[in-house]
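Spelled out, the chains give:
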Amino acid sequence: SQPEALSITPLTERVNVVSNLNIAHEIIVEEKDLPPNSLESRFVETMYNAFWEHLHEQLSSTPPDFSCALELLKKVKEILLSLLLPRQNRLRNEIEKALDMDLLKQETERGALNVYHLSKFILDLMSLLCAPVRDEAVQNLKSITDPVQLLRGIFHVLGLMKMDMVNYTIQSLRPYIQEHSVQYERAKFQELLDKQPNLLNYTTKWLTKAAIDLTTPFPSSDSPSFSSSIDYSSPDQEPNNLELPSLTMVLYQGYLNLLLWGHGNEEFPETLLMDRIRLREMESKLHRLTILASVLLVARSFSGSVLFSSPEFVDKIKYITKALTEEFNSRPEETMQNVSEQVSEEIHKGLKNMGLTALSSENTASLIGQLQNIAKKGNCIRCIIEQRIHLFLKCCLVRGMQESLLDFPGGLLFIEGELAELGWKFITLMHHNQQVFSPYYTEILNNVILPAQAQETEVEPIL
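Under an unreviewed UniProt entry, the name given to the protein is T-complex protein 11 X-linked protein 2-like, and the organism recorded is Ictidomys tridecemlineatus.

(A) Structural detail: the overall build of the protein. Counting its regular elements, the protein contains 20 helices and 0 strands. Across the protein, the fraction of contacts at a sequence separation of at least 24, relative to all contacts at a separation of at least 6, is 72%. Carbon together with sulfur atoms contributes 53% to the accessible area of the protein, which is approximately 24,900 Å² in total.

(B) Summary view of the pattern of salt bridges. In total, this model carries 18 salt bridges according to the counting rule given. Where Arg134 meets Asp164, a salt bridge forms, and the shortest distance between an N and an O atom there is 2.8 Å. With Arg134 in the loop between α7 (115–129) and α8 (135–141) and Asp164 in helix α9 (residues 147–195), this residue pair connects regions lying 30 residues apart in the sequence. Linking Lys322 and Glu418 is a salt bridge whose minimum nitrogen-to-oxygen distance equals 3.1 Å. In this pair, Lys322 is assigned in helix α14 (residues 311–324) and Glu418 in helix α19 (residues 416–449), connecting sequence segments 96 residues apart. Taking the relative accessible area as the measure of exposure, Glu418 reaches 14% and is therefore buried. Sharing partners across several salt bridges, the network here consists of Lys120, Asp124 and Lys142.

(C) Structural view of the packing of aromatic side chains. Counted under the stated rule, the structure contains 11 aromatic pairs. Judged by centre distance (6.2 Å) and plane angle (45°), the rings of Phe437 and Tyr440 are tilted. In this pair, Phe437 and Tyr440 are both assigned in helix α19, 3 residues apart and thus about one turn of the helix distant. Members of the aromatic cluster, each reached through a chain of ring pairs, are Phe189, Trp206, Tyr252, Tyr255, Phe437, Tyr440 and Tyr441.

(D) Expanded view of the side chain of Thr271. With respect to the helices, strands and loops of the structure, Thr271 is situated in the loop between α11 (247–257) and α12 (276–303). Judged by its relative accessible area of 4%, Thr271 is buried. At 2.8 Å, the side chain of Thr271 forms a polar contact with the side chain of Tyr441. Aside from chain neighbours lying at most four places away, what touches Thr271 is Phe189, Leu200, Thr203, Trp206, Asn433, Phe437 and Tyr441.

(E) How the structure looks around the environment of Glu71. Position of Glu71 relative to the elements: it lies in helix α4 (residues 67–82). Sequence spacing of Glu71 and Met101 is 30 residues, and the spatial spacing of their C-alpha atoms is 9.3 Å.

(F) Examining the packing of α4 against helix α5 (residues 89–98) more closely. Orientation of α4 relative to α5, taken along the N-to-C sense of each, is 175°, at an axis distance of 10 Å. Taken together, the axes of α4 and α5 are roughly antiparallel relative to one another. In this structure, α4 uses Lys77, Leu80 and Leu81 to contact α5, whose residues at the interface are Arg92, Ile95 and Glu96. Residue composition of the contact of α4 with α5, grouped by class: 3 nonpolar, no polar and 3 charged.

(G) The arrangement of a nonpolar patch on the surface in detail. Residues Val306, Met354 and Leu356 make up a contiguous nonpolar surface patch of roughly 230 Å² in combined accessible area. Mapping Met354 onto the fold places it in the loop between α15 (332–353) and α16 (361–373). The class of Met354 is partly exposed, set by a relative accessible area of 41%.

(H) Representation of the confidence of the model for the protein within the structure. Across the protein, the average pLDDT comes to 80, with 77% of residues at 70 or higher. Taken element by element, the predicted model of the protein shows its lowest mean pLDDT in helix α2 (residues 39–45) (40) and its highest in α16 (93). Note on residues 37–48: pLDDT under 50 across the span, and 18 contacts to partners over four residues away in sequence or across chains. Confidence over residues 220–242 falls short of pLDDT 50; this stretch has 42 contacts with residues more than four positions distant or in other chains.

(I) Inspection of the nonpolar core at higher detail. In this structure, Tyr255 and Phe426 are the most contacted members of the largest nonpolar core, which totals 74 residues. In this structure, Phe66, Val115, Met126 and Leu158 belong to the second largest nonpolar core, which totals 37 residues.

(J) Summary view of the state of the cysteines. Throughout the structure, instances matching the rule amount to 0 disulfides. Looking at Cys395, it has no disulfide partner, and the nearest cysteine sulfur is the one in Cys396, 6.1 Å off. Using a relative accessible area of 7% as the deciding quantity, one classes Cys395 as buried. Residue class for Cys396 comes out buried when judged on its relative accessible area of 0%.

(K) Geometry of the environment of Gln88. Relative to the assigned elements, Gln88 resides in the loop between α4 and α5. Excluding its chain neighbours within four sequence positions, the residues that come into contact with Gln88 are Leu83 and Leu129. A polar side-chain atom of Gln88 sits 2.7 Å from the main-chain amide nitrogen of Leu85.

What counts, and where the lines are drawn
Residues numbered from 1 in each chain as written. Predicted model: local features only at pLDDT ≥ 70, side-chain atom pairs only at ≥ 80, totals over all residues. Heavy atoms only, no water. Helix = DSSP H or I, 4+ residues; strand = E, 2+ residues; numbered from the N terminus. Contact = heavy atoms within 4.5 Å. Areas by Shrake-Rupley, 256 points an atom, 1.4 Å probe, with all protein chains shown as cover. Salt bridge = Lys/Arg side-chain N within 4 Å of Asp/Glu carboxyl O. Buried < 20%, exposed > 50% of the residue type's maximum accessible area, 1.4 Å probe, protein only. Phe/Tyr/Trp six-rings, centres within 6.5 Å; stacked < 30°, edge-to-face > 60°. Polar contact = N/O pair within 3.5 Å; in protein donor to acceptor, adjacent residues only side chain to side chain. Axes fitted to C-alpha atoms, helices over the stretch in contact; angles between N-to-C directions. Parallel < 35°, antiparallel > 145°, perpendicular 65-115°, else oblique. Nonpolar A, V, L, I, M, F, W, Y, C, P; charged D, E, K, R; others polar. Patch = residues over 30% accessible without salt bridge, like charges linked within 9 Å, V, L, I, M, F, W, Y side chains within 5 Å. pLDDT = per-residue confidence, 0-100. Core = buried A, V, L, I, M, F, W, Y, C linked by side-chain atoms within 4.5 Å. Disulfide = S-S within 2.5 Å.

Printed below as a string of structure tokens:
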């Protein structure tokens, strides 16, 4: 939601809250080191070349101008101090003495600033403080004679060292952060909500649509959808129960809707903004898996079970299809034409190599035609595969991954590994979101979505 006009102080406070919330969330959901292109490293790598050229001009002038060099040395000093442990007082005093900014400013005014001497001190200190993985990079800096290139190199390696320290701290604190992450994220979000009461507007719209989807009659078979109200207490139950669903089932339907969001819709729920990129990547991968499974299903129906009982043949068809469908979104018809030709050719080769009867001209034409039809959004095979994938993911949310894998949907067995990996990432991310924001979701659904049910019976909250 768009914030109201702010003065700089509350705006800065709000940015800090969002930043802290985002960092804590990244640590929890990614469970890996922060990338080297963030924090200090990002600043270093995006420094304009014009700045370094300007620094070169200043140092080369007569007399030399050290104003930019002083600013760099001040930043270097800050980074070096940030790398120290609390007990390293001796090194702290050495840095304060060697990089005394007032003294250095006086030296520049006299034209007596010794950049080489300062660089040697900095490099010796970096050799002492850096992780072993940075030893070679620091050693290489010692051979640079140009002062501008040396300062630029120092800045770059210091950025990497700072990231090393950040990641080490994250690894040390991760168990504690994981233990308290739900309470922390919820508290930080509440701070934002207190300052911006309309922060849940899009979340309310998102949950409202999910409830409508679950209470809408199941569409006809020629237009499959996963938006029906399915009770997973029995895998064989018909998906046409139109009773008001539980709050948790509404939430799960909302989560599944995120995988069909599309890039054009900007009204993304506020409680999931930090995961929007991840969900977009999952949506894209889900789309590619749908096309892949559709191709495999059609190919198997023409080539028979004998050919598809060969793991090598299946892997080859999967490899070809994945490679050729990279540009599916921009050129679906052209893509599927290429896929149909390549897959048809591989099936002919496979049948011939195994001594099986070749496809007739009529069957070959039908195979190519059905593969090319997968380019159409309304293609029945593609729609069925998409529906089964979404039902599997919904089952994972309700039953859990292990139980869902025991009852894997037909037609998807050839993508079981890929779909299981995607499903695990999806339910892990969504269950964490559910833990953090369940009080807000319960309040929204009670007050806005299901008032009639709330009046008649006590509604079970989302846990």
